[in-house]
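# Chains, contacts and geometry: an overview
Now for the letters of each chain:
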Amino acid sequence: MDSFILLCCLLQLFRNAAAVIGVESPSMAVGDGAGEMLASSQPPPPPSALTLTPSTPSITHFVNDSFIIFCKTVQKDIDTKWRDPRGQTRENTKGRVHIEKKTGLLALVFEHISLDDKGNWTCEMDPAAAAREPTKSFELLVNQKISFDKTELVQSVREGRDALVNCYVKGQPAPEVSWLHNGEYINTVNSTKHRRLSDGLFIRNVSQTDAGEYTCRAMRITPTFSDSDQITILLRIQHKPHWSYNETLPMQYAYVGGAVNLSCDAMGEPPPSFTWLHNSKGIVGFNHRIFMADYGATLQLDIRNASQFGDYKCKVANPLGMLERIIKLRTGIKPIGPTRIQLKRLYPDALELDLRSPRMTNATDEMQIFGYRVAYMSESDFKYSAGNWSHAKQRDFSFHRGHRFIVPHLKSNTTYLMRVASRNLAGLSDWSTVRKFATATASSWKAISWQLLMISFIGLALMWY
């Protein structure tokens, strides 16, 4: 034991001498148990003068998040301060980013985090008052949620020109953007038609087929999170007007005392204006109404005298062009009303009518009756509307579709009031007197159907026999 103590004393003396002359201590190279015992006998390092809570070296937040972090000192009477990433001392106790002092604590408060807050924030104290580590820092990483700032949901471009569908995507880290047209993915790689830009989608030489909905989709995947968002933009292609339908008849007929609708439908972007003229003059008086839509206008005329016949011109215009169409309104013959209105067959949800009208001897073939209009409403609806037939439903029938006149989509076991008018090129006849018909009940219809089925089977059996 005495020799072991002597050896330890010699080693300690040698270490002290080495520290004075700058020579490495041999004890650092000694591999026996004595060196290890000396190392373990050293006192533990003093605690850090500052601690942060939370204590992670980096913290991630999104823009507009709130966050607070505490800087704690071992000695409560020592002053501390926070420095921002630009090295400026934060001393304000109010504001979006401010400090709050408590005994032994200095809190850094972010009421709403912004992108400017990212970087290293440092809590520091007087180095003379600290045994070790007079500063503690953390890195604030700031992410920005995906947004589409100031992106217009409806955009326009003139036909034949190059277009840029604007989509202003914001986000930190910056997201990857892809595009869809009417739900179909757009390949912008090595494409001569489409090119993806930082502020939108470039389209070369746009045509009407390029109109529609464009989806700007933003996506990002990071080691800590992933998210996506999208916005749909309606792209309208500006073009001069063109007719929507070619079914408009160049010549129409009416009769004094009747009414007629003249339609004018045309597409255009911007939506065109519609103007009606009668014999090259503006239409005046109280015997007409014009119903306007984005891409059409209907002129409704109540014919009170023969002066209302003539040529009606529809003018369609927008900044890119103009169209004109003339409809000749000529005198026709009022049709004769139906002479037979009977119930031919009833169903739980429909009524089949037997309708007939005589041939008009004073009319040409083109002015003969070609169909009927049936107006109908349930007995309860008739009472509720005080007999106002403007609330009735209507169904038109034409002979070229056959001579079966079935009114569908009715309620079972319900009484309906019906009136009928004949139709020809000049308009409608007077309405017939009101008739009452009732639909079948579901149970009675099943019984009748079973009886008819049995009769059919018996008839087939007799024929076979």
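Residues numbered from 1 in each chain as written. Predicted model: local features only at pLDDT ≥ 70, side-chain atom pairs only at ≥ 80, totals over all residues. Heavy atoms only, no water.

The protein is annotated in an unreviewed UniProt entry as Neural cell adhesion molecule 2 isoform X1 from Drosophila albomicans.

With that settled, the discussion passes to the pattern of salt bridges. Under the defined criterion, the tally for this structure stands at 20 salt bridges. As a salt-bridge pair, Lys-81 and Glu-124 come within 3.7 Å of each other at their nearest N and O atoms. With a gap of 43 residues between them, Lys-81 in strand E4 (residues 80-83) and Glu-124 in strand E8 (residues 119-125) connect regions that are remote in the sequence. Under the relative-accessibility criterion, Glu-124 is labelled buried at 16%. (Salt bridge = Lys/Arg side-chain N within 4 Å of Asp/Glu carboxyl O. Helix = DSSP H or I, 4+ residues; strand = E, 2+ residues; numbered from the N terminus. Buried < 20%, exposed > 50% of the residue type's maximum accessible area, 1.4 Å probe, protein only.)

On to the sheet that holds strand E31 (residues 405-407). Here three strands make up an open sheet; going across it, the order is E27-E28-E31 and the pairing antiparallel. Each edge of the open sheet carries a strand with a single partner, namely strand E27 (340-346) and E31. Averaged over neighbouring strand pairs, the angle between their axes works out to 35 degrees when direction is ignored. Bridge count between strand E28 (residues 351-356) and E31: three bridges; the pairing is antiparallel. By the bridge assignment, Leu-351 is partnered in E31 with Val-407. (Pairing = 2+ DSSP bridges. Axes fitted to C-alpha atoms, helices over the stretch in contact; angles between N-to-C directions.)

Our focus in this paragraph is the packing of aromatic side chains. Counted by the stated rule, this structure contains 10 aromatic pairs. With a centroid separation of 5.8 Å and an interplanar angle of 25 degrees, the aromatic rings of Phe-67 and Phe-110 are classed as stacked. Of this pair, Phe-67 sits in strand E3 (residues 67-73) while Phe-110 is found in strand E7 (residues 105-110), placing the two residues 43 residues apart along the sequence. Phe-110 shares its class with Phe-67; the two are buried. Every member of this aromatic cluster is reached through a ring pair, and the members are Phe-67, Trp-82, Phe-110, Trp-121 and Phe-138. Here Arg-195 stacks its cationic end above the ring of Phe-202, 4.6 Å away from the centre of that ring. (Phe/Tyr/Trp six-rings, centres within 6.5 Å; stacked < 30°, edge-to-face > 60°. Lys NZ or Arg CZ within 6 Å of the ring centre and 35° of its normal.)

On to the state of the cysteines, then. Here is the idea: a disulfide is a covalent bond, and it sits between the sulfur atoms of two cysteines. Taken as a whole, this structure holds three disulfides when the rule is applied. The disulfide bridge from Cys-167 ends at Cys-216, spanning 2.1 Å between sulfur atoms. As the torsion about the S-S bond is roughly -85 degrees, the Cys-167-Cys-216 disulfide counts as left-handed. Taken together, the positions of Cys-167 in the loop between strand E11 (163-166) and strand E12 (169-172) and Cys-216 in strand E17 (residues 212-221) put the pair 49 residues apart, joining distant regions of the chain. The same class applies to Cys-167 as to Cys-216, namely buried. (Disulfide = S-S within 2.5 Å.)

Time to look at the environment of Val-434. With respect to the helices and strands, Val-434 occurs in the loop between strand E33 (427-428) and strand E34 (435-438). Take Val-434: its relative accessible area is 40%, and that puts it in the partly exposed class. Expressed as a C-alpha distance, the spacing of Val-434 and Ile-341, which sit 93 residues apart in the sequence, is 9.9 Å. Contact partners of Val-434, with chain neighbours within four places excluded, come to Trp-389, Leu-417 and Met-418. (Contact = heavy atoms within 4.5 Å.)

In the case of a regular strand, side chains alternate between the two sheet surfaces. Counting buried positions along strand E32 (residues 415-424) gives nine out of 10 residues, so the element sits mostly inside the fold. Alignment of E32 against E34, held across four bridges, turns out to be antiparallel. Bridging from a neighbouring strand, Leu-417 pairs with Lys-436 of E34. Sheet analysis places E32 next to E33, joined by two bridges and oriented antiparallel. Paired with Asn-424 across the bridge in E33 is Gly-427.

Our focus in this paragraph is the side chain of His-194. Position of His-194 among the secondary structure elements: in strand E15 (residues 194-197). Residues in contact with His-194, not counting those within four places in the same chain, are Ile-186, Thr-188, Leu-201, Phe-202 and Ile-203.

Formed by 22 residues in total, the largest nonpolar core has its most connected members in Ile-69, Trp-82, Leu-108, Phe-110, Trp-121 and Phe-138. When near neighbours in sequence (up to four residues on either side) are disregarded, Leu-108 contacts Phe-67, Ile-68, Ile-69, Trp-82, Val-97, His-98, Ile-99, Trp-121 and Phe-138. Within the second largest apolar cluster, 19 residues are counted, among which are Trp-179, Ile-186, Ile-231 and Leu-235. (Core = buried A, V, L, I, M, F, W, Y, C linked by side-chain atoms within 4.5 Å.)

Cis rather than trans, the peptide bond between Thr-53 and Pro-54 has omega equal to 0 degrees. If you trace the backbone, Pro-54 turns up in the loop between strand E1 (50-53) and strand E2 (58-62). With an omega of 5 degrees, the peptide bond between Glu-269 and Pro-270 qualifies as cis. Counting through the fold element by element, Pro-270 comes out in the loop between strand E20 (259-269) and strand E21 (273-278). With phi around 80 degrees, Asn-64 is a residue other than glycine that occupies positive phi space. Note that Asn-64 resides in the loop between E2 and E3. Residues other than glycine seldom take positive phi values, yet His-409 does so here, at roughly 60 degrees. Look at His-409 and you get exposed, because its relative accessible area is 73%.

Examined bridge by bridge, strand E6 (residues 97-102) and E7 share six bridges and lie antiparallel to one another. When the bridges of E7 are listed, Glu-100 appears paired with Ala-107. Counted along the chain from E6 to the antiparallel partner E7, the turn is two residues long, and its residue Gly-104 has a positive phi close to 75 degrees.

On to the environment of Arg-158. Assignment of secondary structure puts Arg-158 in strand E10 (residues 154-158). Along the chain, Arg-158 and Arg-236 lie 78 residues apart, while their C-alpha atoms are 8.5 Å from each other. In this structure Arg-158 touches Val-206, Gln-238 and Leu-320, once residues within four positions along its chain are discounted.

This part covers the side chain of Asp-210. Here Asp-210 lies in the loop between strand E16 (200-203) and E17. Here the side chain of Asp-210 touches Lys-193 through a polar contact of 3.1 Å, side chain to side chain. Apart from residues no more than four positions distant in its own chain, Asp-210 is found in contact with His-181, Lys-193, Ile-203, Asn-205, Leu-235 and Ile-237. (Polar contact = N/O pair within 3.5 Å; in protein donor to acceptor, adjacent residues only side chain to side chain.)

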